[in-house]
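# Fold and contact review
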Amino acid sequence: MCFWIDVASVNPVGEKTIYFFDCTLYKYSRSEYSDKPDLRILLSFKSPFTIDELKYTSRGEYRKLDSTTPCDKGDVEKCITTAINEISREVERAWEVVQKTPKTPSWLRFIFPARDQRVEAKGAYYGVLAKKDLIVEIAGLMGYRENYLEAIVKQVSVLMSLNLGRNELYALIGDKPVKLEAHRKIIDFESLIPAVSHSK
């Protein structure tokens, strides 16, 4: 099954690299991801072609899922800023939990073989911190620096291919299909497939 989606093409200033920022598929995410501020960032991906190599074609007979966001520079910049601010607050809250959690005395662990609550709190903290580093890194590659997106952004359409048997999504960019690994985990295909079937 093939269909078009709207994305924002993000070309960092001074570079030829293109990133496709999600403006459409986030609406069909699984419930546990739907309220995540970094959702659209995680569903974005790098083009296998540079800006000079990309070619545009007609829509043909394939259906199209339209975006409900502006899908412009302001939209992308606001989404990234919101995501980074929220994950930064999560990091702060996780660290506060670490500081407030008492450490179990080492001798007590031999009597009560339970997991140290402070160790668990630290694990959660480092997990959130790693997530923040990932989001900041992705945003930086797109040209986002100090709350500003230094990139040329415009709305374009990308042809997608859905493998119904495996629930896998591919972006068909030129002659190079890009397998979208994150989408398999995040997208709710039971809601996506009917939407594509009823789109124009």
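Values in this document were obtained by computation on a predicted structure and should not be read as measured data. (Residues numbered from 1 in each chain as written. Predicted model: local features only at pLDDT ≥ 70, side-chain atom pairs only at ≥ 80, totals over all residues. Heavy atoms only, no water.)

## Quick word on the packing of aromatic side chains
To be explicit about the condition: Two aromatic rings, drawn from Phe, Tyr or Trp (for Trp, its six-membered ring), form a pair once their centres lie within 6.5 Å of each other, and the interplanar angle then sorts them: stacked below 30 degrees, edge-to-face above 60, tilted otherwise. Only lysine NZ and arginine CZ atoms are considered, and such an atom sits over a ring when it is within 6 Å of the ring centre and within 35 degrees of the ring normal.
Going through the model one piece at a time under the given rule, you end up with 3 aromatic pairs. Among the aromatic side chains, those forming a connected cluster through ring pairs are W95, Y125 and Y126. Seen from the ring of Y26, R40 lies directly overhead, with NZ or CZ sitting 5.3 Å from the centre. Taking the ring centre of F49 as reference, the NZ or CZ of K176 above it sits at 5.1 Å.

## What to know about the pattern of salt bridges
Side chains that carry opposite charge are capable of pairing whenever their charged atoms lie near each other. Here is the rule: Put simply, a salt bridge is a Lys or Arg side-chain nitrogen that is within 4 Å of an Asp or Glu carboxyl oxygen. A run of H or I in DSSP counts as a helix once it spans at least four residues, and a run of E counts as a strand once it spans at least two, with each numbered from the N terminus.
On inspection of all chains with the given rule, the structure shows 10 salt bridges. Among the salt bridges present, the one from D52 reaches K16, with a minimum N-O distance of 3.0 Å. Separated by 36 residues along the polypeptide, D52 in the loop between strand 3 (45-46) and strand 4 (63-65) and K16 in the loop between strand 1 (2-12) and strand 2 (19-22) bring together distant segments of the chain. Across the pair E181 and K179 runs a salt bridge whose closest N-O atoms are separated by 3.8 Å. Through salt bridges with shared partners, a single ionic network connects E168, K179, E181 and R184.

## Some thoughts on the confidence of the model for the protein chain
Put simply, the test is: Confidence of the predictor at the level of single residues is given by pLDDT, which spans 0 to 100.
When pLDDT is averaged across the protein chain, the result is 88; 93% of the residues are at 70 or more. Confidence, expressed as mean pLDDT per element, reaches its minimum in the protein chain at helix 3 (residues 106-111) with 52 and its maximum at strand 2 with 96.

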